[in-house]
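Here is what each chain is made of, one letter per residue.
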Amino acid sequence: MTEIESDGWETKYIDQRDQSEWIEIPLESEYHGGGNPILFRLPKPSQTELIKLLIKSKDLNQISAISCLLKESEFDQSDKHKEYREELIIELEKIVNDKEFKWNGFEKKRLTTIIYDSDLNFPHNQRESLGKKYEEVESDYQYYKNIADRAEKIITFAKKNNSILDRIKTLFD
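Cut-offs and rules
- Each residue is numbered by its place in its chain's sequence as written, counting from 1.
- Only residues with pLDDT of 70 or above have their local features reported here, since the model is predicted, and side-chain atom pairs are shown and tallied only from 80 upward, although totals for entire chains, interfaces and linings are computed over all residues.
- Water and hydrogen atoms play no part in the side-chain values, which are based on all heavy atoms of the structure.
- Starting at the N terminus, helices and strands are each numbered in turn, a helix being any DSSP run of H or I of at least four residues and a strand any DSSP run of E of at least two.
- Only protein chains enter the accessibility calculation, which uses a 1.4 Å probe. A residue is then buried if its area is under 20% of the maximum for its type, exposed if over 50%, and partly exposed in between.
- We define a polar contact as two N or O atoms separated by no more than 3.5 Å, with the added condition that, inside protein, one atom must be a possible hydrogen donor and the other a possible acceptor, whereas residues neighbouring each other in sequence contribute only through side-chain atom pairs.
- Any two residues whose heavy atoms approach within 4.5 Å are treated as being in contact.
- Two strands form a pair only when DSSP identifies at least two bridges running between them.
- Axes here refer to lines fitted to C-alpha atoms; in helices the fit is confined to the stretch in contact. Angles between the N-to-C directions go from 0 to 180 degrees.
- The arc under discussion is defined with respect to the helix axis, by the directions toward the C-beta atoms.
- With respect to orientation, any angle under 35 degrees is reported as roughly parallel, any angle over 145 as roughly antiparallel, any angle of 65 to 115 as roughly perpendicular, and every other angle as oblique.
- In this scheme the handedness of a crossing depends on how the near helix is turned from the far one: anticlockwise by less than a right angle means left-handed, clockwise means right-handed.
- When a carboxyl oxygen of Asp or Glu is within 4 Å of a side-chain nitrogen of Lys or Arg, the pair counts as a salt bridge.

Here's the deal with the side chain of Asp 15
- By secondary structure assignment, the location of Asp 15 is in the loop between strand E2 (11–14) and strand E3 (21–27).
- Among the residues examined, Asp 15 registers a relative accessible area of 7% and is labelled buried.
- Within the structure, Asp 15 has its side chain in polar contact with the side chain of Arg 17 (distance 2.8 Å).
- With residues up to four places along the chain from it excluded, the contact list for Asp 15 reads Met 1, Ser 20 and Trp 22.

Things to note about the pairing of E3
- Judged from the four bridges that link them, E2 and E3 form a sheet pairing that is antiparallel. What sits directly across from Lys 12, in E3, is Ile 23.
- A loop of six residues connects E2 with E3, the two strands running antiparallel in sequence, and Gln 19 in this loop sits at a positive phi of about 65°.
- In this structure, E3 lies alongside strand E4 (residues 36–41), joined through six bridges in antiparallel fashion. Residue pairing in the sheet places Ile 25 in a bridge with Ile 38 of E4.

Looking at the sheet that holds E2
- In spatial order, the strands read E1-E2-E3-E4; together these four strands make up an open sheet with antiparallel pairing. Of all strands in the sheet, those with a lone pairing partner are strand E1 (2–6) and E4, marking the two edges. Here the strands of the sheet are splayed against their neighbours by 30° on average, with no regard to which way each runs.
- Its contacts with the sheet put helix H2 (residues 60–71) on E3 and E4, and the angle it makes with E3 is roughly 85°.

Details of helix H1 (residues 47–56)
- Within H1 the residues assigned to the buried category are Gln 47, Leu 50, Ile 51, Leu 54 and Ile 55. Around the axis of H1, the buried residues are gathered within 135° of arc, so they sit on the same side. Opposite the buried face of H1, by more than 90 degrees, sit the exposed residues Lys 52 and Lys 56.
- The elements touched by buried residues of H1 are H2, helix H3 (85–97) and helix H4 (105–117).

Description of the packing of H1 against H3
- Relative orientation of the contacting elements H1 and H3 amounts to 25°, with a least axis distance of 10 Å. The angle between H1 and H3 places the two elements in the roughly parallel class. Of the two possible hands of crossing, H1 and H3 adopt the one that is right-handed. Two secondary-structure elements touch here, H1 through Thr 48, Ile 51, Leu 54 and Ile 55 and H3 through Glu 87, Leu 88, Glu 91, Leu 92 and Ile 95.

Looking at the pattern of salt bridges
- Taken as a whole, this structure holds twelve salt bridges when the rule is applied.
- Where Asp 18 meets Arg 41, a salt bridge forms, and the shortest distance between an N and an O atom there is 3.7 Å. Here Asp 18 is found in the loop between E2 and E3, whereas its partner Arg 41 is found in strand E4, with 23 residues between them in sequence.
- Between Lys 145 and Asp 149 there is a salt bridge, with the nearest N and O atoms lying 3.0 Å from each other. Of this pair, Lys 145 and Asp 149 both sit in helix H5 (residues 134–172), four residues apart, which is roughly one turn of the helix.
- Given a relative accessible area of 28%, Lys 145 falls into the partly exposed group.

Given below as structure tokens:
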């Protein structure tokens, strides 16, 4: 791959074999060391496409990376910074409410990784509050609190079901 452009945040590459374009961005760049680089083939997937990948993935590293990408507000300009939280919590609720869903160690880890790494359980208002009326700020806060409460229910349920699985395992050890 050959670097074709860099602005200090994103670096674009071209693959000389097939002329495909790729972009490298730092994941969680606010941490010491500038974050972990993630490489995507262009065009970047939309937030909806990322959520679909996230729901289907069985790889915890990929799950963590996608969850972190969702909370990156600059990730996909084509989504016009569309709020991902409602779409994601609905998908997670579908999973845990499915009659075929079985709690196990992997599902507990997968669902809690998605919730923690995407900040679904973070109830603080993420929207601009300057110039808004109190009612608008309160409505924004309630939006985030509602999603965080729903995410916490999933986490609580995962912990409860995990403790049952641990007790059953102990009986057979």
